[in-house]
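Each chain, letter by letter, is given below.
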Amino acid sequence: MDTISVSLNASTPEGYVALCHPKYGLEALPAILKFTKEVVQYVPEVDMTVVDNGTPKEELSACEALCRQTGAHFRVRRYITTYEEEAKKPDPQIS
């Protein structure tokens, strides 16, 4: 394995639960951060991503700060509503 992408999506456990509805509740985000911090030691390219769906800049900055603490690369993904929308648009890097 040479690349891993981890969906971060929120900067707080409460925000992550509200957005992603994980099975493990408030423990999910800390576990994701712990996993990412560990995996960067073994995988050459590790990204943590956030979907840009009108996310406030302060939240994106908070997510980026969490990501940097893990040693992963931060990337913002474009929000896609349909397959047809995806097929029509190029996939530029937002950051």
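Note that the structure is predicted; figures quoted are calculated from it, not measured. One numbering rule holds for all chains: residues counted from 1, following each sequence as written. With pLDDT at 70 or above as the cut-off, local features in this predicted model cover only qualifying residues; side-chain atom pairs require 80 or more to be listed or tallied, and sums for whole chains, interfaces and linings still use all residues. Values reported for side chains reflect all heavy atoms of the structure, with hydrogen atoms and water molecules removed beforehand.

Q: Got a sec to walk through the layout of surface pockets? Specific residues and values, please.
A: Here the term cavity refers to a set of points on a 1 Å grid, laid over the protein atoms alone, in which a 1.4 Å probe fits but cannot get out; the term pocket refers to an open set having protein on both sides within 12 Å along at least five of seven lines, with lining residues being those that place an atom within 4 Å of a point. Grid points are joined across faces, edges and corners, and a volume is the space filled by probe spheres set on the points. Considering only enclosed or pocket space, the largest pocket measures out at about 160 Å³ in volume. Along its surface, the largest pocket is lined by Asn9, Leu19, Val50, Val51, Asn53, Thr55, Glu59 and Tyr79. Three classes are used: nonpolar for Ala, Val, Leu, Ile, Met, Phe, Trp, Tyr, Cys and Pro, charged for Asp, Glu, Lys and Arg, and polar for all others, with Gly counted as polar. Tallied by class, residues from the lining of the largest pocket come to four nonpolar, three polar and one charged.

Q: Give me the pattern of salt bridges: which residues, what numbers.
A: When a carboxyl oxygen of Asp or Glu lies within 4 Å of a side-chain nitrogen of Lys or Arg, that pair is called a salt bridge. Tallying each qualifying case throughout the model produces two salt bridges. Here arginine 68 and glutamate 64 are joined by a salt bridge, their closest N and O atoms 2.9 Å apart. Linking arginine 68 with glutamate 64, this pair stays in helix H3 (residues 57-70), spanning four residues, or about one helical turn. Only protein chains enter the accessibility calculation, which uses a 1.4 Å probe; a residue is then buried when its area is under 20% of its type maximum, exposed when over 50%, and partly exposed in between. Given the relative accessible area of 29%, glutamate 64 is considered partly exposed. Only DSSP runs of H or I reaching four residues or more are called helices, and only runs of E reaching two or more are called strands; each is numbered from the N terminus.

Q: How would you explain the side chain of aspartate 47 if you had to name every residue and give the values?
A: Residue placement: aspartate 47 occurs in strand E2 (residues 45-52). Whenever two N or O atoms come within 3.5 Å, that pair is a polar contact, provided that in protein one can donate a hydrogen and the other can accept it, and provided that, for residues adjacent in sequence, both atoms are side-chain atoms. A polar contact is formed between the side chain of aspartate 47 and the side chain of histidine 73, at a distance of 3.3 Å. Aspartate 47 has contacts with Ile4, Ser5, Val6, His73 and Arg75, leaving out every residue within four places of it along the chain. We call two residues in contact when some of their heavy atoms are within 4.5 Å.

Q: How would you explain the environment of valine 6 if you had to name every residue and give the values?
A: By the element assignment, valine 6 lies in strand E1 (residues 3-7). It is 4.7 Å that separates the C-alpha atoms of valine 6 and methionine 48, two residues lying 42 residues apart in sequence. Leave out the neighbours within four places in its chain, and valine 6 touches Ile32, Phe35, Thr36, Asp47, Met48 and Thr49.

Q: So what about the environment of leucine 29? Which residues, and what values?
A: Mapping leucine 29 onto the fold places it in helix H2 (residues 28-39). Using a relative accessible area of 2% as the deciding quantity, one classes leucine 29 as buried. Leucine 29 sits 20 residues away from asparagine 9 along the chain, and the two C-alpha atoms are 9.5 Å apart. Leaving out residues up to four positions away in the same chain, leucine 29 has contacts with Leu8, Ala10, Ser11, Thr12, Pro13 and Tyr16.

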